[in-house]
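Coordinate inspection notes
Given next are the chains, with one letter for each unit.
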Amino acid sequence: QVQLVESGGGLVQAGGSLRLSCAASGRTFSNYQMRWFRQAPGKEREFVAAITWTGGSTYYADSVKGRFTISKDNAKNTVYLQMNSLKPEDTAVYYCAARSTVTLNDYWGQGTQVTVSS
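This write-up is about the structure you can find in this document. All figures in this text were calculated on a predicted structure; none of them were measured in a lab.

1. Re the environment of Ala 40
Tracing the backbone shows Ala 40 in the loop between strand E4 (32-39) and strand E5 (46-52). Considering only alpha carbons, one finds Ala 40 and Val 114, 74 residues apart in sequence, at a separation of 9.6 Å. Setting aside residues up to four positions removed in sequence, Ala 40 forms contacts with Thr 91 and Ala 92.

2. Some words on the state of the cysteines
Counted by the stated rule, this structure contains 1 disulfide. Residue pairing for Cys 22: its cysteine sulfur links by disulfide to Cys 96, the two sulfurs lying 2.0 Å apart. What sets the handedness of the Cys 22 and Cys 96 disulfide is the S-S torsion sign, and at about -75° it is left-handed. Of this pair, Cys 22 sits in strand E3 (residues 18-25) while Cys 96 sits in strand E9 (residues 92-100), and the two are 74 residues apart along the sequence. The pair Cys 22 / Cys 96 is uniform in exposure class, with both members buried.

3. Some thoughts on the pairing of strand E11 (residues 112-117)
Covered by surrounding structure in E11 are Thr 112, Val 114 and Val 116 only, the residues Gln 113, Thr 115 and Ser 117 on the alternate face being uncovered. Direction of pairing for strand E2 (residues 10-13) relative to E11: parallel, over a ladder of 4 bridges. Pairing of Val 12 across the sheet is with Val 116, part of E11. As defined by bridge partners, E9 adjoins E11 across 3 bridges and the pair is classed as antiparallel. For Val 93, the partnering residue across the bridge sits in E11 and is Gln 113.

4. Topic: unusual backbone geometry
With phi around 50°, Asn 77 is a residue other than glycine that occupies positive phi space. Of note, Asn 77 is situated in the loop between strand E7 (68-73) and strand E8 (78-83). Backbone geometry places Ser 85, a non-glycine residue, at a positive phi of 50°. Topologically, Ser 85 is positioned in the loop between E8 and E9. The exposure class assigned to Ser 85 is partly exposed, which follows from its relative accessible area of 41%.

5. Overview of the side chain of Asp 90
In this fold, Asp 90 is placed in the loop between E8 and E9. At 2.8 Å, the side chain of Asp 90 forms a polar contact with the side chain of Arg 67. Setting aside residues no more than four positions away along its own chain, Asp 90 makes contact with Arg 38, Arg 67, Phe 68, Ser 85, Val 114 and Val 116.

6. Re the side chain of Thr 112
Turning to its location among the elements, Thr 112 is positioned in strand E11. Taking relative accessible area as the criterion, Thr 112 reaches 11% and is therefore assigned buried. Within the structure, the side chain of Thr 112 is placed 3.3 Å from the backbone nitrogen of Gly 9, a separation counted as a polar contact. Look past the residues within four positions of Thr 112 in its chain and what remains in contact with it is Glu 6, Ser 7, Gly 8, Gly 9, Leu 20, Ala 92, Val 93 and Tyr 94.

Each value, and the rule that gives it
Per chain, residues are indexed from 1 in the order of the written sequence. Thresholds applied to this predicted model are a pLDDT of at least 70 for local features of residues and 80 or more for the giving and counting of side-chain atom pairs; totals over whole chains, interfaces and linings are not thresholded and use all residues. Calculation of side-chain values draws on the structure's entire complement of heavy atoms; hydrogens and water are dropped beforehand. Secondary structure elements follow DSSP: runs of H or I of four or more residues count as helices, runs of E of two or more count as strands, with numbering from the N terminus. Contacts: residue pairs with any heavy atoms within 4.5 Å of one another. The criterion for a disulfide is a pair of cysteine sulfur atoms lying within 2.5 Å. Per-residue accessibility, obtained with a 1.4 Å probe over protein chains only, is compared with the maximum for each type, and a residue is labelled buried under 20%, exposed over 50%, and partly exposed between these values. Two strands make a pair as long as DSSP finds a minimum of two bridges between them. Definition of a polar contact: a pair of N or O atoms within 3.5 Å, with one able to donate and the other able to accept a hydrogen when the atoms are protein atoms, and with sequence-neighbouring residues admitted only if both atoms are side-chain atoms.

Purely spatial values, then, with no claim about function.
Pasting the structure below:
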C-alpha cells in the first residue's frame, strides 16, 4: 500500500522560504511521477510541480516557476519542494501525490499547511 507523508509546512513571512518533504513508502516508485499540488481556501486544487522518479524530469506551474524547486532523494524515497520568495498567495494546503505511469492510479498524502503572512 502506497503511503505518502508530507512535512515541513508552517507559517512564514512573505519573501521567506520553506522546504516541504514527502516520504514515500509501500512500493518501488521507479514507474511513478511524483507531484505537488496545493489547495487554497475556497479554491480548487491546483498543480504545483512534478518530477519523474526515473530520469528526474521536472515540471512547474507558471505561478511558481523560478521560485520553487522539486527534487528527490532516491535513497530516502523522499521528494522535496523547496519554496523560495514566498508570497501570501502561496498560502494553501500542499499535497504530495504519486501517479503510476503504468496504471495512472493516483495516491495522495494528507497535506501540510503553508501560510505566508504579508
